[in-house]
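One-letter residues, chain by chain:
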2 protein chains.
Amino acid sequence: MGRMAETRWLDEREMAAWHGFLEATSRVSRHVETQLKEDAGLSHAQYEILVRLSATEGGELRMTELAEGLFTSKSGLTYQIGQLEKRGLVHRRSCPTDVRGVLAVLTPAGREALRRSAPGHVAAVREALIDVLEPDELDALARALGRVGGRLRPHPAD
Amino acid sequence: MGRMAETRWLDEREMAAWHGFLEATSRVSRHVETQLKEDAGLSHAQYEILVRLSATEGGELRMTELAEGLFTSKSGLTYQIGQLEKRGLVHRRSCPTDVRGVLAVLTPAGREALRRSAPGHVAAVREALIDVLEPDELDALARALGRVGGRLRPHPAD
DNA sequence: CACAGCAGGTTCGAATTTGAACAACCCCGT
DNA sequence: ACGGGGTTGTTCAAATTCGAACCTGCTGTG
């Protein structure tokens, strides 16, 4: 019965890739997180929320949509929106078409906070990842990781 | 004075790479984390600790060395070693050559836990990252991310 | 129209993580 | 031998994160 197939261990190349992935993600994450916190007082999660909101028509988005876009849990988003709301960067508005729904709306202060912190953040991203790679390497990375992320994306409803 | 140079925003290609990086790291991390937690009751951090320890001569390592290898903070490691110690997978031993030092030592139970959980973990890593890429893509990824991680590594003491 | 099943958000508790502050200790130059 | 300076781990409080349980309110079906 269910006897597992012999394990295919990782060879040296594969191990190097996995380890490199872990180290890079860990360090890049810390780099970006630290820069944002020090220079703008925002966590990366909070910054991303502002970005997504600012990219929409009215600067507002349903909680669920936001959560999906941020690859985070619903409860995690509830928490972060609460934090941003306390600081007046975002406010909640109930959805006109669905009583249950909640819209997170970017406030003028939120838009301003984003405008101020964006340059520093972009610089950090360049320093940590973008400017470290040659254009072709960057494209290869985008293609490869795009596939990786896509395959783990929650079912498009099969 | 200190006026910042004009910000070099990210173009579409760069944006795609950054977003892909964020999505991939987020989803891969969750995938691996979930598999380990469900199948072995270990967090990825804990699993990595067992791996590093098992790779050494006596299955032991100084706290600081371990923390560096795991790209984590010292206090974070203290916490995790505490958890593993509670479960009998690791135990602490004071360092013979430095009174301040502490050695984390893998116990037989710890070695056994690692042996049991490794196959499932490797499978998850393959499913999420390794087997999704062609050999050349994997090498390119390793080269690129290796450089990225290396550049953000704490000063080798200049 | 009534109902079962599902979707949207929040709440709650448990587990982690991080940096700062500490206390103890090693090491090197004077 | 001595003192300053850097190291080693731990402790502590604050911030997050996640999944499970819940309550409400949609929605398609009979």
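Worth saying up front: this structure is predicted, and the values here are computed from it rather than measured. (Residues numbered from 1 in each chain as written. Chains lettered and ligands numbered in written order. Predicted model: local features only at pLDDT ≥ 70, side-chain atom pairs only at ≥ 80, totals over all residues. Heavy atoms only, no water.)

### Comments concerning the overall build of chain A
- Counting secondary structure elements, chain A contains 6 helices and 3 strands.
- Written out in order from the N terminus, the α and β elements of chain A read α-α-β-α-α-β-β-α-α.
- Its C-alpha radius of gyration of 19 Å places chain A more than 25% over the 15 Å reference for a compact globule of 158 residues.
- Projected onto its principal axes, the C-alpha coordinates of chain A cover approximately 55 × 45 × 25 Å.
- Within chain A, buried positions represent 45% of all 158 residues.
- Long-range pairs, those at least 24 residues apart, make up 51% of the contacts in chain A between residues at least 6 apart in sequence. (Helix = DSSP H or I, 4+ residues; strand = E, 2+ residues; numbered from the N terminus. Rg over C-alpha atoms; globule rule 2.2 N^0.38 Å. Buried < 20%, exposed > 50% of the residue type's maximum accessible area, 1.4 Å probe, protein only. Contact = heavy atoms within 4.5 Å.)

### Considerations on the protein's contact with DNA strand C
- Neighbouring DNA strand C are 24 residues; Arg62, Thr64, Arg92 and Arg100 of chain A together with Ser75 of chain B lie closest to it.
- The contact atoms of DNA strand C, taken as those within 4 Å of the protein, divide so that sugar and phosphate hold 66%.
- Lys37 of chain B is positioned such that a nitrogen or oxygen atom in its side chain is 3.3 Å from a phosphate oxygen of DNA strand C.
- Within the contact set of DNA strand C, a base oxygen lies 3.0 Å away from a side-chain nitrogen or oxygen of Arg100 of chain B.
- Put simply, the parts of the chain that give the surface near DNA strand C at least two residues each are helix H3 (63–69) and helix H4 (74–86) of chain A together with helix H4 (74–86) of chain B.
- Here the surface near DNA strand C takes 5 residues from H4 of chain B, the largest share from any one element. (Near = heavy atom within 4 Å. Polar contact = N/O pair within 3.5 Å; in protein donor to acceptor, adjacent residues only side chain to side chain.)

### Focus: the packing of aromatic side chains
All names here are of chain A.
- Under the counting rule described, the total for this entry stands at 2 aromatic pairs over all chains.
- A centroid spacing of 5.8 Å and a plane angle of 15° characterise the contact between Trp18 and Phe21, whose relative ring orientation is stacked. In this pair, Trp18 and Phe21 both sit in helix H1 (residues 12–40), 3 residues apart, roughly one turn of the helix.
- For Trp18, a relative accessible area of 6% translates into the label buried. (Phe/Tyr/Trp six-rings, centres within 6.5 Å; stacked < 30°, edge-to-face > 60°.)

### What about the protein's contact with DNA strand D?
- In the vicinity of DNA strand D there are 22 residues, among which Ser75 of chain A together with Arg62, Thr64, Arg92 and Arg100 of chain B approach most closely.
- Of all atoms in DNA strand D that approach within 4 Å of the protein, 65% are sugar or phosphate atoms.
- In the environment of DNA strand D, a phosphate oxygen lies 3.3 Å from a nitrogen or oxygen atom belonging to the side chain of Lys37 of chain A.
- Taking Thr72 of chain A, its side chain carries an N or O atom lying 3.1 Å from a phosphate oxygen of DNA strand D.
- When residues of the surface near DNA strand D are traced back to their parent elements, those giving at least two are H4 of chain A together with helix H3 (63–69) and H4 of chain B.
- Per element, the largest residue contribution to the surface near DNA strand D is 4 residues, and it comes from H4 of chain A.

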